[in-house]
Amino acid sequence: MKAQKYSKEGKLISEIELPSALFESKLSIASIYEAIKAENANMRSGNHATKTRSEVRGGGKKPWAQKGTGRARQGSIRAPHWVGGGTVHGPQKRDYSYKVSSKLKHRAVLSILNKKAQASAVKVIEDLDLKEYSTKSFHSLFNNMNLRNTGVIGFLVQGESDFVKKSVRNIPTVKYINSKRISCRDILYNRNLVITEAALNEMLTQYGAQK
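Reading the values: rules and limits
- Residues numbered from 1 in each chain as written.
- Predicted model: local features only at pLDDT ≥ 70, side-chain atom pairs only at ≥ 80, totals over all residues.
- Heavy atoms only, no water.
- Axes fitted to C-alpha atoms, helices over the stretch in contact; angles between N-to-C directions.
- Helix = DSSP H or I, 4+ residues; strand = E, 2+ residues; numbered from the N terminus.
- Parallel < 35°, antiparallel > 145°, perpendicular 65-115°, else oblique.
- Left-handed = near helix turned anticlockwise from the far one by under 90°.
- Contact = heavy atoms within 4.5 Å.
- Nonpolar A, V, L, I, M, F, W, Y, C, P; charged D, E, K, R; others polar.
- Expected span 1.5 Å × (residues − 1).
- Buried < 20%, exposed > 50% of the residue type's maximum accessible area, 1.4 Å probe, protein only.
- Pairing = 2+ DSSP bridges.
- Polar contact = N/O pair within 3.5 Å; in protein donor to acceptor, adjacent residues only side chain to side chain.
- Core = buried A, V, L, I, M, F, W, Y, C linked by side-chain atoms within 4.5 Å.

A. Representation of the packing of helix α2 (residues 29-43) against helix α3 (residues 102-118) in the model. Look at α2 against α3: their axes get within 8 Å of each other, and the N-to-C directions meet at 115°. By the criterion of interaxial angle, the relationship of α2 to α3 is roughly perpendicular. Relative to α3, α2 is oriented so that their crossing is left-handed. Here α2 contributes I29, S31, I32, E34, A35 and E39 to the contact with α3, which in turn contributes L104, K105, R107, A108, S111, I112 and K115. Residues of the contact of α2 with α3, tallied by class, amount to six nonpolar, two polar and five charged.

B. Representation of α2 within the structure. Its 15 residues give α2 an end-to-end C-alpha distance of 21 Å, which sits within 8% of 21 Å, the value for a rise of 1.5 Å per residue. Along α2, the residues that are buried comprise S31, I32, A35, I36, A38, E39 and A41. Buried residues along α2 sit against α3 and α6 (184-188).

C. Representation of the pairing of strand β1 (residues 2-6) in the model. Across five bridges, β1 lies against strand β2 (residues 12-17) in antiparallel orientation. Along β2, the bridge assignment pairs K2 with E17. The antiparallel hairpin formed by β1 and β2 contains five residues in its connecting segment, where G10 sits at a positive phi of about 95°. With three bridges joining them, β1 and strand β3 (residues 122-125) adopt parallel strand pairing.

D. Expanded view of the environment of H48. By the secondary structure assignment, H48 is in the loop between α2 and α3. Residues H48 and P91 lie 43 residues apart in sequence; the distance between their C-alpha atoms is 6.4 Å. Setting aside its immediate chain neighbours within four residues, H48 contacts P91, Q92, K93, R94 and Y96. Reaching out from H48, the side chain makes a polar contact with the side chain of Y96 at a distance of 2.8 Å.

E. Seen up close, the nonpolar core. In this structure, L22, F23, L156, I187, I195 and M203 are the most contacted members of the largest nonpolar core, which totals 27 residues. Elements that contribute at least two residues to this core include exactly α1 (20-23), α2, α3, β3, α6, β6 (192-196) and α7 (197-207). Per-element accounting of this core gives the leading share, seven residues, to α3. Beyond its immediate chain neighbours, meaning those up to four positions away, F23 contacts M1, L18, L113, N114, A117, V122, I195 and L200.

These figures capture arrangement, not role.
This is the structure:
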């Protein structure tokens, strides 16, 4: 599969052949589904909770005598059937996270890259050599690449680049992605995936041998 290659200024240079080890693997929709489901579950806070009758404040004293009042016997005003009482079988704090195998994660990443390449949504750009923080330069870059107002852009770079990360964080349509910590959500949920040459080589090393 082919993709357009751009200069660090955003000018179109040529059309290049994408590495077949990354972009021509067998497509597995099931792997994508499982990987995304796991990442969504791992993002859940799970801090929802209700109080049982033992946790509600008050209710230590018996409301009235067991016999002789003519009323139904009661042991506590914090019983579930009382207003302000505890909740029965209510939600409790829990951990929703779970792990998927590294083999499934690799297969999902390769499948997503395959889908992006098939949709001509992959762009390759020369490595950026930033010496300062500049959001304006990235506005110009994506404008030269004709990607402005086209939806979310996944910008995949090698490792942690502080200059790049802080320069694009004020652009709501740009998602910074570290090639060493790829999330399936990040590379899937975007309209265009822009990959630097260094990041492409890093991915080839990390995922190229996996099928």
